[in-house]
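Understanding the architecture of this molecule
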Amino acid sequence: MEQRVFGRSGRRVSVVGLGTWQLGADWGEVEESDALAVLEAALDAGVTFFDTADVYGDGRSEQLIGRFLREHADADVLVATKMGRRVDQDPALYTLENFRAWTDRSRANLGVDRLDLVQLHCPPTPVYSSDAVFDALDTLVEEDRIAAYGVSVETCDEALTAIARPGTASVQIILNPFRLKPLEQVLPAAAEAGVGVIARVPLASGLLSGKYTKDTVFAADDHRAFNRHGEAFDQGETFSGVDYATGVEAAVEFAGLAPEGATPAQTALRWILQQPGVSTVIPGARNPEQARANAAAADLAPLPEAALGAVRDLYDRRIREQVHHRW
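Here we summarise the structure given alongside this text. In every chain, residue numbers begin from 1 and rise along the written sequence. With pLDDT at 70 or above as the cut-off, local features in this predicted model cover only qualifying residues; side-chain atom pairs require 80 or more to be listed or tallied, and sums for whole chains, interfaces and linings still use all residues. Only hydrogens and water are set aside when side-chain values are computed; all heavy atoms of the structure are taken into account.

Let us now look at the side chain of Q172. Under the DSSP-based scheme used, a helix requires at least four consecutive residues in state H or I and a strand at least two consecutive residues in state E, with every element numbered from the N terminus. Within the element layout of this structure, Q172 appears in strand β8 (residues 168-174). Here a residue-residue contact requires only that any non-hydrogen atoms of the pair lie within 4.5 Å. Apart from residues no more than four positions distant in its own chain, Q172 is found in contact with D51, K82, Q119, V151, S152, V153, I198, R200 and I282.

Have a look at this one:
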């Protein structure tokens, strides 16, 4: 699989990575054996970037990845984790003392002395403007607790603020055919600064797979059932903030853009990989088949200009009014 330089870290990572939120919680139950099988399939398909967080299953996702990589000691995988969502979202809690405690817990969960990448996990907006916060992150690097740090953001403005910090290695942001705003300023700014871009929620929580209808029922412990209006966390994390009914209709139209031999989901991933400045995209997978299919998107030919224009038109007609002003 194609490898790209990952921002200021200098390491190379696969253009298709693996998001592991679903291996911890909030997407319905995933058995441990199934989770390990997903990791195995992704690695076999050339994936060298796993994204996790300390809050996914309260550490379960990190622990599973740690166990898997101990059993695959030769695997050259960059593991990106996140911190900050296990406490009240109070900027005053983003301190060096807490950062040390949080990264100690993640190091134990993953079974490593030094974390490859730690990202602030969509913290309160004032955190991005705090010199003390970024000084503390620099201290973690100096103490060799972490190799690099980045941020996971909700809005483009937060991303731009973080990119301006000289120590920021990467920015993780929602980017997909239903979320085009990052193309305007965030991706160009990241490229100019040498900051890596991790594209998350690439399938708009599965909408862009084209397999859901207005009548689809999601499990009670699936955020697509309980967070449609931001009841538990930012609404933008669920269906990219798009109204479900609107998203289903738009997904049908998007599916018509899939080239022969490619699924709508693979088409969405291929679209993301064509955006200048993207380092890696992190679709989730609940089974090995999904992991392999996602990885195969990297092998697709670039989408033609007509398809890229059709994505922009679809966004402008159906999606822009709902999401562009908020995120």
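For salt bridges, the criterion is a side-chain nitrogen of Lys or Arg within 4 Å of an Asp or Glu carboxyl oxygen. Applying the stated criterion across every chain yields a total of 24 salt bridges. When the shortest N-O distance is used, the salt bridge between D144 and R114 registers 3.3 Å. Linking D144 in the loop between α4 (131-142) and β7 (149-152) with R114 in the loop between α3 (96-110) and β6 (117-121), this pair joins segments that are 30 residues apart in sequence. Exposure categories follow from relative accessible area, calculated using a 1.4 Å probe and restricted to protein chains: below 20% of the type maximum is buried, above 50% is exposed, and the middle band is partly exposed. Given a relative accessible area of 44%, R114 falls into the partly exposed group.

Now for the sheet that holds β7. At least two bridges found by DSSP between two strands is the condition for calling them paired. The parallel open sheet is built from eight strands, whose spatial order is β3-β4-β5-β6-β7-β8-β9-β10. In this open sheet, the two strands that pair with only one neighbour each are β3 (18-19) and β10 (280-281). Alignment of strand β9 (residues 196-200) against β10, held across two bridges, turns out to be parallel. Paired with I198 across the bridge in β10 is T280. Most of the contacts of α4 go to β7, to which it runs at about 135 degrees, and overall it touches β5 (78-83), β6, β7 and β8. Axis lines are fitted to C-alpha atoms, over the contacting stretch for helices. Their N-to-C directions set the angle, which ranges from 0 to 180 degrees.

For Phe, Tyr and Trp, where Trp contributes only its six-membered ring, two rings pair if their centres lie within 6.5 Å, and the inter-plane angle classes them as stacked under 30 degrees, edge-to-face over 60, or tilted in between. In the structure shown here, the tally under the stated rule is 13 aromatic pairs. Geometrically, the ring pair formed by Y94 and W102 is edge-to-face, given 5.8 Å between the ring centres and 85 degrees between the ring planes. Site record: aromatic cluster; members linked through ring pairs are W21, Y56, F226 and F233. Taking the ring centre of Y244 as reference, the NZ or CZ of R228 above it sits at 4.2 Å. Look at NZ for Lys and CZ for Arg. If either is within 6 Å of the ring centre and within 35 degrees of the ring normal, a charge sits over the ring.

The next point concerns the nonpolar core. To form a nonpolar core, buried Ala, Val, Leu, Ile, Met, Phe, Trp, Tyr and Cys residues must be joined to one another through side-chain atoms within 4.5 Å. F50, F99, L120, L137 and F178 are the most contacted members of the largest nonpolar core, which has 87 residues in total. The next biggest cluster of nonpolar side chains, apart from the first, holds ten residues, and it includes F49, A80, L117 and I282.

What follows is about empty space enclosed by the protein. Any residue with an atom within 4 Å of a point lines the site, the site being either a cavity, points on a 1 Å grid over the protein atoms alone where a 1.4 Å probe fits but cannot get out, or a pocket, an open set with protein on both sides within 12 Å along at least 5 of 7 lines. Grid points are joined across faces, edges and corners, and a volume is the space filled by probe spheres set on the points. With the rule as written, the count across this model stands at one cavity of 30 Å³ or more. As a volume, the largest cavity reaches approximately 40 Å³. If you go around the largest cavity, the residues you meet are V16, G17, L18, A42, V47, P283, A291, N294 and A295. No other element matches the three residues that helix α10 (residues 288-296) contributes to the lining of the largest cavity. Residues are grouped as follows: nonpolar covers Ala, Val, Leu, Ile, Met, Phe, Trp, Tyr, Cys and Pro; charged covers Asp, Glu, Lys and Arg; every other residue, Gly included, is treated as polar. Residues that form the lining of the largest cavity fall into these classes: seven nonpolar, two polar and no charged.

Right, let's get into helix α8 (residues 244-255). Because each turn of an α-helix spans 3.6 residues, side chains separated by three or four positions in sequence point in the same direction. A helix is expected to span 1.5 Å multiplied by its residue count minus one. An ideal rise of 1.5 Å per residue puts 16 Å on twelve residues; α8 measures up with 16 Å between its terminal C-alpha atoms. Considering only its buried residues, α8 is in contact with α9 (264-273) and α11 (305-323).

Among all positions in helix α5 (residues 156-163), only C156, E158, A159, A162 and I163 are buried. What you see down the axis of α5 is that its buried residues fit within an arc of 155 degrees, all on one side. Contacts made by the buried residues of α5 are with β7, β8 and α6 (186-193). In this context, the arc is that of the directions from the helix axis out to the C-beta atoms.

Tracing the backbone through its elements, the reader meets A295 in helix α10. Residues A295 and V186, 109 residues apart in the sequence, show an inter-C-alpha distance of 25 Å. Excluding residues that lie within four positions of it along the chain, A295 makes contacts with M1, V16, A45 and V47.

Counting buried positions along β8 yields seven of seven residues, so the element is predominantly enclosed. Bridge count for β7 against β8 is four bridges, and the pairing is parallel. Bridge assignment links S152 to a residue of β8, and that residue is Q172. Looking at chain direction, β8 and β9 are connected through five bridges and run parallel. Bridge assignment links S170 to a residue of β9, and that residue is G196.

Glancing now at the state of the cysteines. Criterion for a disulfide: a pair of cysteine sulfur atoms at a distance within 2.5 Å. Counted under the stated rule, the structure contains zero disulfides. Looking at C122, it has no disulfide partner, and the nearest cysteine sulfur is the one in C156, 13 Å off. Under the relative-accessibility criterion, C122 is labelled buried at 8%. What makes C156 buried here is its relative accessible area of 6%.

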